[in-house]
2 protein chains.
Amino acid sequence: MVDTDHFLLTARYVVSMDEEGTLYSPGYVAIQGSRIKSLGLVDDAPDEGKRIDYGNAAIIPGLINSHTHAAMTLLRGVADDLALDDWLENHIWPLEAKFLSPEFVRAGTKLAAIEMLKGGTTLFADMYFFEDEVAAAAKDVGIRVLIGEGILAFPTVSAKEPGKVFDHIRNQAEKYRDDEFVRVHIAAHSTYATSEDQLGKCVGLSEELNLPIKIHCAESRKEVQESIEKHDRSQVAYLNDLGLLDTQIRLVHMVWPQDGDWDLLKRDNVSVVSCPQSNLKLGAGIPPIARYLDEGIRVSLGTDGAASNNNLDMWEEMRLAAFLVKGTSLDPTKLPARQALRMVTIDAARIWGMDEGLGSLEPGKKADMVVVDLNKPHTTPTYDIYSTLVYAASAADVSDVFVAGHRVVKEAKITTLDEESVLGEARDWAERIMQERGNV
Amino acid sequence: MVDTDHFLLTARYVVSMDEEGTLYSPGYVAIQGSRIKSLGLVDDAPDEGKRIDYGNAAIIPGLINSHTHAAMTLLRGVADDLALDDWLENHIWPLEAKFLSPEFVRAGTKLAAIEMLKGGTTLFADMYFFEDEVAAAAKDVGIRVLIGEGILAFPTVSAKEPGKVFDHIRNQAEKYRDDEFVRVHIAAHSTYATSEDQLGKCVGLSEELNLPIKIHCAESRKEVQESIEKHDRSQVAYLNDLGLLDTQIRLVHMVWPQDGDWDLLKRDNVSVVSCPQSNLKLGAGIPPIARYLDEGIRVSLGTDGAASNNNLDMWEEMRLAAFLVKGTSLDPTKLPARQALRMVTIDAARIWGMDEGLGSLEPGKKADMVVVDLNKPHTTPTYDIYSTLVYAASAADVSDVFVAGHRVVKEAKITTLDEESVLGEARDWAERIMQERGNV
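In this convention, every chain numbers its residues from 1, walking through the sequence in written order. To label them, take the chains in the order written and letter them from A, then take the ligands in the order written and number them from 1. Per-residue local features are limited, in this predicted model, to residues with pLDDT of at least 70; the limit for side-chain atom pairs, both in listing and counting, is 80 or more; totals at the level of whole chains, interfaces and linings are taken over all residues. To get the side-chain values, all heavy atoms of the structure are used, and hydrogens and water are removed first.

(A) Broad picture of the overall build of chain A. When helices and strands are counted, chain A shows 15 helices and 21 strands. Based on C-alpha atoms, the radius of gyration is set beside the globule rule, defined as 2.2 Å times the residue count to the power 0.38. Against the 2.2 N^0.38 benchmark of 22 Å for 440 residues, chain A shows a C-alpha radius of gyration of 21 Å, consistent with a compact globule. Burial classification: accessible surface area is computed with a 1.4 Å probe over protein chains only, and a residue below 20% of its type maximum counts as buried, one above 50% as exposed, and the rest as partly exposed. The 440 residues of chain A split such that 65% are buried. Note on contacts: a residue pair qualifies if any of its non-hydrogen atoms lie within 4.5 Å across the two residues. Long-range contacts, defined as pairs at least 24 residues apart, comprise 71% of the intrachain contacts of chain A with a sequence gap of at least 6. Accessible surface is estimated by sampling points in the Shrake-Rupley manner with a 1.4 Å probe; for residues, cover comes only from the protein chains shown. Entry remark: accessible area of chain A is about 14800 Å², with carbon and sulfur atoms responsible for 46%. When charges are counted, neither His nor the chain ends are considered; positive counts come from Lys and Arg and negative counts from Asp and Glu. Every charge is mapped to an atom, namely NZ of Lys, CZ of Arg, CG of Asp or CD of Glu. When the 45 positive and 69 negative side-chain charges of chain A are each reduced to one mean point, those points stand 2 Å apart. By definition, any uninterrupted DSSP run of H or I lasting at least four residues is a helix, any uninterrupted run of E lasting at least two residues is a strand, and each is numbered from the N terminus.

Quick look at the structure:
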């Protein structure tokens, strides 16, 4: 049963993540319908709504996963510790060619959505295939999604004719125009797997429908080198020449920015989505997040797909981002805890143009919020709530989650559907995949 | 109530971590008293002992935290995002001067021991003050400990006369000679805070009592530079000249090995204890674990104290070590999952000279083992158990823990003492500390 009542939540900390960084301790949040009606100190709480006293806990905005391929949970750990080409060409792509289907995407995305929601992620930006299935799975589970139908130069399982994908995206934009949970963005795969013609069309579509564009860029040194060989330019310069930097574009990965790229990124206020765990695990490199921040370039974070991470845990991404910034710059004062938390809440909402309704707890904003239980040894004592959240807490400390005022996680259990049946379905897929690989 | 019966445990995976990497699936482990009697495939299980069927779970050896300052949990997050000198001189040291006492150490270590045990750590190597209290706290909670009374050139709260610390260590070695849970090592603080005379005495004591030595070394660039200025040598060369490299010495941190250090480390087979999360968070740098492994230097991992991490989670250390090795070398095949798990189990036991009884599941070894529940979204599906453990699982997935055959964690709850009272005591300390700082 999903509670959709009006709520009055109280807790030791209400972490608003508003512009001033207002902290209410002890604090309350009043929810009316899908939105936050008011918040403040407990002493000022109105006497209305279904009251839940969380006690020694923190209420924070829902976390935002700015890049994933959700359905790839079904391939989690199927082929690890391999060189990137080997991994893709001999394992991931053959398995996708064999198994990818609407049913695969629906099952894998449900699993991903449950994992994310239980860990406090309330919105994810996806890039994969059969994205209507992604939308349906997200709505089944009760998480927000930015769907992104992968745009590739060759036929894919969900777009047999590469040209057709744009009609598909146009239809999706229409279909989900007023949807509470689903938004659409334009997910160009990369400069090497998306054609020049397609990239040009992305610009037109973005302007026509006012949609953000996302593209993998400069993930590995090799692809940067190949761009220079083929186009005589870095990928960023190539995208600039095609008119993409001047759109609402977000560049995913950006482990290897080239010298000339910095001015272009700054000139057009281009945002970066960094996926540090994936970058390290695949041996792509260490993303220069410290320098992005120094240069004033906005950064949000993503988990990437579970086949390259291998979980969808935004707490780990946030912590690693903070650690890498400090460790690479040799400066522990950089990316302090509150700023790290901003990267996965309000800053991420801003990057996706959704900060009017999401990313912080403020009156009138959507009631997307996460309750973090602090009654754990590793979160005791708490001197500074931002330190506790960023450096000590984990996804498993999330006890309750609200999305649009719905209590979708209650006492660490999904309320929207039967988790065990989703896990069982995922195991069935894994069984078939292992049989195919002759591993059983 | 602590179960101390004879057990027969079964699970989908029994991960032995023996030399051959034997995996029993589905497997069993039979425990008799404090030791493992046998293990193997479920079909070969004897019909004896109290049977517990863990189902979709993995039974693995207890994890080993090779370096921490356990009692510093009471200072967790008290001062973050500060420059190292500022952090130590203006925050940590003044607070320690004010609050350090046997009671502080007992309370903080109990909190740390609960956190570690619930997360699957069954042995930790400590370095702090009042280490008899550390031993007592560890025994209260039911975790193994290598105590290490800090050796410093100036008076400390537990050793008013710097010379007396050696008598103290000698007494401890005698006192815990036959203790099941407590072992002793020689914990020299560093080349800059321990005197030359004391370092010389460490050599003699190590030889006399056959004890390992541990010392912080090359954590920051600054301390390396200061050693070169003061001693005209790197810290490693300085330790070599004092005869320490030829003992059972383990160097903690080693973020900044100098050119000449490599040959010395290899010549004397010196082991390194890396604390990657602490190194990054404090802005010390990125430890060159990849090169240590390439050079054949043994590496185990530690969390460091909770004031600089901010938790005591060996899963995070293991994962970060694997990620840093791959990310810095640009080679995802390096430090594959099974080898990463070795670093915190059998390799760590070997580094501490305790592999005869600990570090792997083998007949006759101590029954120190951890049950990891795999019925979670983020561990579903599992294709390769090592991948799941190293790249997807977390401390919160630990359901049961056995130490010396005692079931000290049962269904994610400590069985040995009342957790809530330990957490309450820690909050009381925090209250006093915050008052002192004028933060309330």
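(B) Inspection of the interface of chain A and chain B at higher detail. Tallying the contact residues gives 62 residues for chain A and 62 residues for chain B. Summed over both partners, the interface of chain A with chain B buries about 4900 Å², with 63% contributed by carbon and sulfur atoms. The rule for a salt bridge is simple: a side-chain nitrogen of Lys or Arg has to be within 4 Å of a carboxyl oxygen of Asp or Glu. The interface formed by chain A and chain B contains 4 salt bridges. The salt bridge partner of Asp81 of chain B is Lys326 of chain A, with a shortest N-O separation of 2.8 Å. Polar contact is defined as a pair of N or O atoms within 3.5 Å, subject to the rule that within protein one atom must be able to donate a hydrogen and the other to accept it, and that residues adjacent in sequence are counted only when both atoms are side-chain atoms. Counting the contacts that link chain A with chain B gives 26 residue pairs in polar contact (both at pLDDT 80 or more). For the side of chain A that touches chain B, the secondary structure elements donating two or more residues are helix H2 (102-118), helix H9 (276-281), helix H11 (314-329), helix H14 (385-392) and helix H15 (419-436) of chain A. Of all the elements, H11 of chain A adds the most residues to the side of chain A that touches chain B, at 8 residues. Classification convention: Asp, Glu, Lys, Arg as charged; Ala, Val, Leu, Ile, Met, Phe, Trp, Tyr, Cys, Pro as nonpolar; all other residues, Gly among them, as polar. Here the side of chain A that touches chain B is composed, by residue class, of 31 nonpolar, 16 polar and 15 charged. A quick way to say it: buried area is the sum, across both parts, of accessible area lost when two parts are put together, with a 1.4 Å probe.

(C) Local environment of H14 of chain A. Residues and elements named next belong to chain A. Of all 8 residues in H14, 8 are buried, a share of seventy percent or more. Of all the residues in H14, the buried ones are Ile385, Tyr386, Ser387, Thr388, Leu389, Val390, Tyr391 and Ala392. You can read the cap of H14 off the contacts: a side-chain oxygen lies 2.9 Å from the backbone nitrogen of Tyr386, and it is on Asp384.

(D) Structural detail: the side chain of Glu223 of chain B. Residues and elements named next belong to chain B. Within the secondary structure, Glu223 is located in helix H6 (residues 221-231). No salt bridge is formed by the buried Glu223; its nearest oppositely charged neighbour, Lys222, is found at 9.4 Å. Polar side-chain contacts of Glu223 include one of 3.1 Å to the backbone nitrogen of Ala218. One polar contact links the side chain of Glu223 to the main-chain amide nitrogen of Glu219, over a distance of 3.3 Å.

(E) Just the packing of H11 of chain A against H14 of chain A, in detail. Residue and element names in this part refer to chain A. Angles here are taken between N-to-C directions and fall from 0 to 180 degrees, while the axes themselves are lines fitted to C-alpha atoms, restricted in helices to the stretch in contact. Taken N-terminus to C-terminus, the directions of H11 and H14 make an angle of 100 degrees; their axes are 8 Å apart at the nearest point. With respect to H14, the element H11 is oriented roughly perpendicular. Only Leu389, Val390, Tyr391 and Ala392 of H14 make contact with H11, whose side of the interface consists of Trp315, Met318, Arg319, Ala322, Phe323 and Lys326. Its residues assigned to classes, the contact of H11 with H14 shows 8 nonpolar, no polar and 2 charged. Angles are sorted into four bins: roughly parallel if under 35 degrees, roughly antiparallel if over 145, roughly perpendicular if 65 to 115, and oblique for all others.

(F) Representation of the pairing of strand S15 (residues 249-253) of chain A in the model. Residue and element names in this part refer to chain A. Along S15, 5 of the 5 residues are buried, which leaves the element largely enclosed by surrounding structure. A pair of strands is labelled paired if DSSP reports no fewer than 2 bridges between them. Relative to S15, strand S14 (residues 213-217) runs parallel, the two sharing 5 bridges. Across the sheet, the residue bridging to Ile215 is Leu251, located in S15. Taken together, the 3 bridges between S15 and strand S16 (residues 271-274) define a ladder with parallel strand orientation. Paired with Arg250 across the strands is Ser271, a residue of S16. Handedness is read with the strands pointing away from the viewer; a crossover is right-handed when the path from the first strand over the helix to the second is clockwise. One crossover worth recording links S15 to the parallel S16 by way of helix H8 (residues 261-267), and it is right-handed.

(G) Main features of the pairing of strand S18 (residues 369-373) of chain A. Residues and elements named next belong to chain A. Summarising burial for S18: 4 of the 5 residues are buried, a large majority. The sheet contact formed by strand S7 (residues 57-61) and S18 spans 5 bridges and is antiparallel. What sits directly across from Ile59, in S18, is Val371. Taken together, the 4 bridges between S18 and strand S19 (residues 398-403) define a ladder with antiparallel strand orientation. Residue pairing for S19: Met369 is matched across the bridge by Phe402.

(H) Fine view of the domain arrangement of chain A. Residue and element names in this part refer to chain A. Along its sequence, chain A is carved into domain 1 (7-61 + 367-414) and domain 2 (63-351). The domain boundaries here were taken from an automatic or database domain assignment. Each of domain 1 and domain 2 has a C-alpha centre, and the two are 29 Å apart. Taken together, the contact pairs 31 residues of domain 1 with 29 residues of domain 2. The junction of domain 1 with domain 2 conceals about 2400 Å² of combined surface from both sides, 67% of it contributed by carbon and sulfur atoms. Three residues stand out in domain 1 for area buried against domain 2, namely Met17, Val390 and Tyr391, and they jointly supply 28% of the buried area on that side. Our enumeration of links across domain 1 and domain 2 arrives at 3 salt bridges.

(I) Quick peek at the packing of aromatic side chains. Pairing of aromatic rings covers Phe, Tyr and Trp, the last through its six-membered ring, and needs centres within 6.5 Å; plane angles under 30 degrees mean stacked, over 60 mean edge-to-face, and all others mean tilted. Under the definition given, this model contains 10 aromatic pairs over all chains. Consider the rings of Trp262 of chain A and Tyr292 of chain A, whose centres lie 5.0 Å apart with planes at 40 degrees: the pair is tilted. Of this pair, Trp262 of chain A sits in helix H8 while Tyr292 of chain A sits in helix H10 (residues 289-294), placing them 30 residues apart in sequence. Note on accessibility: Trp262 of chain A and Tyr292 of chain A belong to one class, buried. When the ring of Phe7 of chain B is compared with that of Phe402 of chain B, the centres are 5.1 Å apart and the planes differ by 75 degrees; the resulting orientation is edge-to-face. Taken as a pair, Phe7 of chain B in strand S1 (residues 7-11) and Phe402 of chain B in strand S19 (residues 398-403) lie far apart in primary sequence, 395 residues in all.

(J) Just the environment of Ala395 of chain A, in detail. All names here are of chain A. Take Ala395: it is sitting in the loop between H14 and S19. Owing to a relative accessible area of 18%, Ala395 belongs among the buried residues under this scheme. Here the alpha-carbon distance between Ala395 and Leu312, two residues 83 residues apart in the chain, equals 9.7 Å. Apart from residues lying up to four places away in sequence, Ala395 is in contact with Lys118, Gly119, Asp313 and Trp315.

(K) The arrangement of the relation of the copies chain A and chain B in detail. Alignment of copies: least-squares fit on C-alpha atoms of residues with pLDDT of at least 70 in both copies. When chain A is fitted to chain B, the best match, at an RMSD of 0.0 Å, comes from turning it 180 degrees and sliding it 0.0 Å along the axis. Put plainly, the chains are arranged around a two-fold axis. Of the C-alpha atoms belonging to chain A, the one lying closest to the rotation axis is found on Ala396 of chain A, 3.1 Å away. Interface residue correspondence from chain A to chain B reaches 100%, placing this contact among same-surface, isologous pairings.

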